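Each chain, written out:
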Amino acid sequence: MKIYIMRHGQAGLYANSDAERELTGTGRQQSADMADWLSAIEPTLDCVLHSPYIRAAQTWDVIGNFFTVHKVEVCEDITPYGDAEFIADYVKALVAQHNYETVLLVSHLPVVSYLTSAMTAGKHMPAFATSAIACLEMNGNDCHFKWLETPASIK
């Protein structure tokens, strides 16, 4: 079973609050490029969880049409400073309960790095560029880091 963890696309710096920052044109394009690339590998996603922050929701709006998706959920816990251990436990329970084979999370720094670490028992904590996607593979309770790709690395 695969878990994909994606950082939202590039966002503007100025807004009334951090939650209201919107994607830039570059953020939209890089996210679409990553979705086009990933959908060639993984065209179907069982479940997508995305942050309620505007830039993460907009990232999902940009990339959603590239995939066949069975369930999409706005997850209040995967904001920039969400509790990575709690999120990891939630994802594992979700996978176990529904027998999902593919899950995508669209979130933020620093939680995407901390979540990768929590899922891999502290073995990996990569730095995520905007629109970057990490792939983790779960076998039972074991979760292994497979790769991290960025808009620059897929070109």
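Everything here concerns the structure above.
The following refers to the structure shown. A quick note: this is a predicted structure, and the numbers were derived from the prediction, not measured. (Residues numbered from 1 in each chain as written. Predicted model: local features only at pLDDT ≥ 70, side-chain atom pairs only at ≥ 80, totals over all residues. Heavy atoms only, no water.)

1. Observations concerning the nonpolar core
Just so we agree on the cut-off: By nonpolar core is meant a set of buried Ala, Val, Leu, Ile, Met, Phe, Trp, Tyr and Cys residues that side-chain atoms within 4.5 Å join together. For every residue, the accessible area obtained with a 1.4 Å probe (protein chains only) is divided by the maximum for its type, and the residue is called buried under 20%, exposed over 50%, and partly exposed between those limits. In DSSP terms, a helix is any run of H or I states spanning at least four residues, a strand is any run of E spanning at least two, and both are numbered starting from the N terminus. We call two residues contacting when some pair of their heavy atoms lies within 4.5 Å.
Membership of the largest hydrophobic core comes to 27 residues, with the highest contact counts inside it found for I3, I5, L49, V91, L105 and M119. Listed by contribution, the elements that provide at least two residues to this core are β1 (2–7), β3 (47–50), α3 (84–98), β6 (102–107), α4 (111–119) and β7 (133–139). By residue number, the principal contributor to this core is α3, which donates 6 residues. The contact partners of L49, leaving out residues within four places of it in the chain, are E73, C75, I78, Y90, V91, L94, L104, L105 and V106. By size, the runner-up hydrophobic cluster in this structure holds 18 residues, among which are L45, V62, I63 and C135.

2. Focus on the pairing of strand β8 (residues 142–149)
Rule in force here: A strand pair is defined by DSSP finding two or more bridges across the two strands.
Summarising the sheet, β7 and β8 pair through 7 bridges and their orientation is antiparallel. Residue pairing in the sheet places L136 in a bridge with F145 of β8. Between β7 and β8, which pair antiparallel one after the other, the connecting turn spans 2 residues, and G140 there sits at a positive phi close to 65°.

3. Things to note about helix α2 (residues 54–63)
The buried count for α2 comes to 7 of 10 residues, which makes it a mostly enclosed element. Regarding α2, the residues found buried are R55, A56, Q58, T59, W60, V62 and I63.

4. Remarks on the pairing of β1
Where a strand is regular, its side chains alternate between the two sheet faces. In terms of burial, β1 is a largely internal element, 5 of the 6 residues being buried. Note that β1 and β6 share 6 bridges and pair parallel. For I5, the partnering residue across the bridge sits in β6 and is L105. Inspection of the sheet shows β1 paired to β7 by 5 bridges, in the antiparallel sense. Residue pairing for β7: K2 is matched across the bridge by E137.

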